[in-house]
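Close look at the chain arrangement
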Amino acid sequence: MKKEQVVNCQFSVWYPIFKKFTIKSLILPLPQNVIDYLLDDGTLVVPESASNTPQTHNNTSDSEGDDVQWSDDETTETVKAPEFPDFNAKVLEAINSLGGCVFPKLNWSAPRDANWIALNSSLQCQSLSDIFLLFKSSDFVTHDLTQPFIHCSDQDSPDPTISYELVLRKWSELIPGGEFRCFVKESKLIGISQRDYTQYYHHVSKQEDSICQSIQDFFRDHIQYKFLDDDFVLDVYRDSCGQVWLIDINPFGPVTDSLLFTWEELSSGSRLTASQPQDDMPQEERPAFRYTTSEVTVQPSPCLSYRMPRDFVDLSTGEDAYKLIDFLKLTKRQQEAEESEGEA
Ligand SMILES: Nc1ncnc2c1ncn2[C@@H]1O[C@H](COP(=O)(O)OP(=O)(O)OP(=O)(O)O)[C@@H](O)[C@H]1O
Ligand SMILES: [Mg+2]
């Protein structure tokens, strides 16, 4: 995999070519101060104006002019997040024009590893603060910003210049059982893998032939020879009507998850084996189709290792007041126990 292949898989490169066959999206250039904010480890607070929901404040007008101060300025440190009024306005306008709910990503990656932190446990965003919360918690987003060319073979050549972009895609309820990853080598579709291989989907094994055929047709009619490279990885969605849509294009190499294949197999050039023998198609034209064949093989979700215990999130966001009270009681009890131990 060469640096140029990674460059070609940026959203803003492939989207104009395949716009008709994918989810409606808007691309906004990321200003440098927003990139700096995303990369800054210290600022976890999201800017107040980045939220489109009204903020509730406890200080009422009654206290105005009073000498009474609720907080001691010398001891209370308020962490202020930077504000991005112009960018915020552009993002809100884009979100509104996409129907009010969006799926956000950068040039290559979505913050899939951070959905646990969102209050709705999803990547659905309605404001810039929703997007910031996900992006700042995501290693995948940091990867895009800091080391996009990490697995490239031409390490000695200079890194191409990247213009960072915020991609906002219209929110669409995709059923995981309809998602497939297609591996394209030398402009030929060589393998198709179920994307969510952690689950067994009865309909996939039942409709194997028609799924495989509709993806092959989609590839031949709309994608083949139209992309800038001969080797790439295509993510597609087959909806309940059997229509196939393009979801994403990824580099053909180890930065992309090979799912039910291995990169060794995919790059070897030898014929790939399918999950089940597919007899009714000519050998030459047939991509190997792999899917999870029984419930026994079900595996844990690959993003689980990025999660924090839900309790940590609830406590840190103050979401669950009862949990917070329990936590404080526990801490107090511990303190008391330590004190009585010290006295004894
Ligand atoms: N517009 C959308 N609305 C809702 N969910 C979406 C949307 N686009 C993608 N998704 C969901 O998010 C998942 C990840 O999206 P996408 O493939 O764009 O992210 P990615 O970071 O490129 O992933 P990968 O690292 O696997 O290439 C998809 O498999 C799909 O389930
Ligand atoms: Mg991708």
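In this text the structure is predicted, and so the values were computed from the model without any measurement.

1. Regarding the overall build of the protein
Helices and strands together make up the secondary structure of the protein, namely eleven helices and eight strands. Put simply, the protein has 344 residues, and 43% of those count as buried. For the protein, restricting intrachain contacts to residue pairs at least 6 apart in sequence, the fraction spanning at least 24 positions comes to 72%. About 19800 Å² of surface is accessible on the protein, with carbon and sulfur atoms providing 51% of the total.

2. A look at the coordination of the magnesium ion (ligand 2)
Distances from the magnesium ion (ligand 2) to its protein donors, Asp-248 (OD) and Asn-250 (OD1), fall at 2.0 to 2.1 Å. Given the relative accessible area of 8%, Asp-248 is considered buried.

3. Details of unusual backbone geometry
Here the phi dihedral of Glu-186 falls at roughly 50 degrees; this positive angle occurs in a residue that is not glycine. Considering the arrangement of structural elements, one finds Glu-186 in the loop between strand S4 (179–185) and strand S5 (188–194). A positive phi angle is found at Tyr-225, which is not glycine, with a value near 65 degrees. If you trace the backbone, Tyr-225 turns up in the loop between helix H8 (208–223) and strand S6 (232–238).

4. Overview of the sheet that holds strand S7 (residues 244–250)
If you trace the five strands from one edge of the open sheet to the other, you get S7-S6-S4-S5-S8, paired in mixed fashion. The open sheet has two edge strands, S7 and strand S8 (288–290), and neither has a second partner. Between one strand axis and the next, the sheet turns through 25 degrees on average, direction left out of account. As defined by bridge partners, S5 adjoins S8 across three bridges and the pair is classed as parallel. Among the inter-strand pairings, Ser-193 is bridged to a residue of S8, identified as Arg-290.

5. Quick notes on the packing of helix H3 (residues 32–39) against helix H5 (residues 128–136)
One way to put it is that H3 packs onto H5 with a least axis distance of 9 Å and a crossing angle of 50 degrees. The orientation of H3 relative to H5 falls into the category oblique. When H3 is examined against H5, the residues Val-34, Tyr-37 and Leu-38 are found in contact with a partner set consisting of Phe-132, Phe-135 and Lys-136.

6. Here's the deal with H3
Along H3, the positions that sit buried rather than exposed are Val-34, Ile-35, Tyr-37 and Leu-38. On an axial view of H3, the arc spanned by its buried residues comes to 160 degrees, and they lie on one face.

7. As for the confidence of the model for the protein
For the protein, per-residue confidence averages 84 on the pLDDT scale, and residues scoring 70 or more make up 74% of the total. Within the model, pLDDT remains below 50 along residues 54–75, and this stretch shows three contacts once partners closer than five positions in the same chain are excluded.

8. Observations concerning the pattern of salt bridges
Here the structure, examined in full by the defined rule, presents nine salt bridges. Across the pair Arg-181 and Asp-235 runs a salt bridge, and its minimum N-O distance is 2.7 Å. Within this pair, whereas Arg-181 is found in strand S4, its partner Asp-235 is found in strand S6, the two being separated by 54 residues in sequence. Looking at Arg-181, the relative accessible area reads 6%, which means it is buried. Taking the relative accessible area as the measure of exposure, Asp-235 reaches 1% and is therefore buried. In this structure, Arg-195 and Asp-235 form a salt bridge, with 3.5 Å as the shortest nitrogen-oxygen distance. Taken together, the positions of Arg-195 in the loop between S5 and helix H7 (202–206) and Asp-235 in strand S6 put the pair 40 residues apart, joining distant regions of the chain. Counted as one network, the salt bridges with shared partners bring together Glu-179, Arg-181, Arg-195 and Asp-235.

9. A word on the pairing of S4
The buried fraction of S4 amounts to seven of the seven residues, a majority that puts the element mostly inside the structure. A two-sided burial pattern is seen for S4, the buried positions comprising Glu-179, Arg-181, Phe-183 and Lys-185 on one face and Phe-180, Cys-182 and Val-184 on the other. Sheet analysis places S4 next to S6, joined by six bridges and oriented antiparallel. Considered in S6, the bridge of Phe-180 is made with Val-236.

10. Brief notes about the site of ligand 1
Close to ligand 1 lie 18 residues, the nearest being Lys-105, Ala-110, Glu-179, Arg-195 and Asp-248. At a separation of 3.3 Å, an oxygen atom of ligand 1 approaches a polar backbone atom of Trp-108. Here ligand 1 loses 87% of its free accessible area of 630 Å² to cover by the protein chains. Of all the secondary-structure elements, those providing two or more residues to the shell around ligand 1 are strand S2 (102–105), strand S3 (165–170), S4 and S7. A class-by-class count of the residues in the shell around ligand 1 yields six nonpolar, three polar and nine charged. Inspection of the shell around ligand 1 shows a minimum of three residues originating in each of domain 1 (24–53 + 80–170) and domain 2 (176–297).

Calculation rules
Residues numbered from 1 in each chain as written. Chains lettered and ligands numbered in written order. Predicted model: local features only at pLDDT ≥ 70, side-chain atom pairs only at ≥ 80, totals over all residues. Heavy atoms only, no water. Helix = DSSP H or I, 4+ residues; strand = E, 2+ residues; numbered from the N terminus. Buried < 20%, exposed > 50% of the residue type's maximum accessible area, 1.4 Å probe, protein only. Contact = heavy atoms within 4.5 Å. Areas by Shrake-Rupley, 256 points an atom, 1.4 Å probe, with all protein chains shown as cover. Donors = N, O, S within 2.8 Å, 3.2 Å for Na, K, Ca; no water. Pairing = 2+ DSSP bridges. Axes fitted to C-alpha atoms, helices over the stretch in contact; angles between N-to-C directions. Parallel < 35°, antiparallel > 145°, perpendicular 65-115°, else oblique. Arc of directions from axis to C-beta. pLDDT = per-residue confidence, 0-100. Salt bridge = Lys/Arg side-chain N within 4 Å of Asp/Glu carboxyl O. Near = heavy atom within 4 Å. Polar contact = N/O pair within 3.5 Å; in protein donor to acceptor, adjacent residues only side chain to side chain. Nonpolar A, V, L, I, M, F, W, Y, C, P; charged D, E, K, R; others polar. Domains from an automatic or database assignment.

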